Amino acid sequence: MSHVLLPQKNAPGLDFNISPLGLGTVKLGRNQGVKYPSAFELPSDAEAKELLATAKSCGINLIDTAPAYGSSEERLGKLLKGQREDWVIVSKAGEEFDNGESSFDFRPEHIRKSVERSLRRLNTDYIDMLLLHSDGNDLDVISQGGLEALAELKQAGLIRATGMSTKTVAGGIAAAKQSDCVMITYNLNETAEAEVLDFCAANHKTALIKKALASGHIAHNNQASGVAESMKFVFSHPGATAAIIGTINLQHLVGNVESYMQTMNNG
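Everything quoted here is computed from the prediction, not taken from an experiment. (Residues numbered from 1 in each chain as written. Predicted model: local features only at pLDDT ≥ 70, side-chain atom pairs only at ≥ 80, totals over all residues. Heavy atoms only, no water.)

## Comments concerning the sheet that holds strand β9 (residues 159–165)
Alright, step 1. Read around the closed barrel, the eight strands follow the order β3-β4-β5-β8-β9-β10-β11-β12; overall the barrel is parallel. The mean inter-strand angle of the sheet, taken between neighbouring strand axes irrespective of direction, is 30°.
Alright, step 2. As paired strands, strand β3 (residues 21–24) and strand β4 (residues 62–64) are joined by three bridges and run parallel to one another. Across the sheet, the residue bridging to Leu 23 is Ile 63, located in β4. (Pairing = 2+ DSSP bridges. Helix = DSSP H or I, 4+ residues; strand = E, 2+ residues; numbered from the N terminus. Axes fitted to C-alpha atoms, helices over the stretch in contact; angles between N-to-C directions.)

## Remarks on the pattern of salt bridges
Alright, step 1. Applying the stated criterion across every chain, the model contains 12 salt bridges.
Alright, step 2. For the salt bridge of Arg 160 with Asp 15, the shortest nitrogen-to-oxygen distance reads 3.7 Å. In this pair, Arg 160 sits in strand β9 while Asp 15 sits in the loop between β1 (9–10) and β2 (17–18), placing the two residues 145 residues apart along the sequence.
Alright, step 3. Owing to a relative accessible area of 65%, Asp 15 belongs among the exposed residues under this scheme.
Alright, step 4. As a salt-bridge pair, Arg 121 and Glu 73 come within 3.4 Å of each other at their nearest N and O atoms. Separated by 48 residues along the polypeptide, Arg 121 in helix α4 (residues 108–122) and Glu 73 in helix α3 (residues 72–79) bring together distant segments of the chain.
Alright, step 5. For Glu 73, a relative accessible area of 1% corresponds to the buried category.
Alright, step 6. Each of the salt bridges in this network shares a partner with another, and the network as a whole consists of Asp 15, Arg 84, Asp 128 and Arg 160. (Salt bridge = Lys/Arg side-chain N within 4 Å of Asp/Glu carboxyl O. Buried < 20%, exposed > 50% of the residue type's maximum accessible area, 1.4 Å probe, protein only.)

Okay, structure coming up:
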């Protein structure tokens, strides 16, 4: 277990605190059609339990999942039993993954059904942050009414914050204007969406960073220096609220936390 404890701070515009690093859980439920540098087996329940316990001991309270992440939601529903208040859960709607292929449906009726299914799978009566899972056609996705559907579910108390995982600058800014938070790609190799972070910083919006380590590719050859350089780059932007780091490797998880703390302490 790690003795390094991440600080938890208020998520801009929201009424709860999150850790600056979140645990991505694609690898808990899916090992097909993923873009990681190495193949992997899904962890056992015991291994997954240890991963979550280690994350928690490091001060991580943010956990990211999605219906498109295979069995991730269902596994978390069982693994987090009795710990619900300790975690800020991010899930998504709009993308499905079956038989090795993704499909998308952003109609309001599908979004509502997807959220209701996620609540059952996660064994909870609310989800903290629920994001539309864009296929890349961000503005078209927004035009279909999914964000409005999420706003209604928030009003009903089923979710605490609405948002969208986007892939374009225009889509990211439009989503930030119409919802509580966005999730964007931002790393040493991909900086195009920095304008979305600029908007979030200026408008007190929460911005979650996906692929902060370029799906593990940046750190693949030199773990420590790659992670440290990436952390410094991502969090030097004032609009970056938290980075979602997907790993099932305990050493990498603790190393990521230590790199973040060293980066922040060295300012």
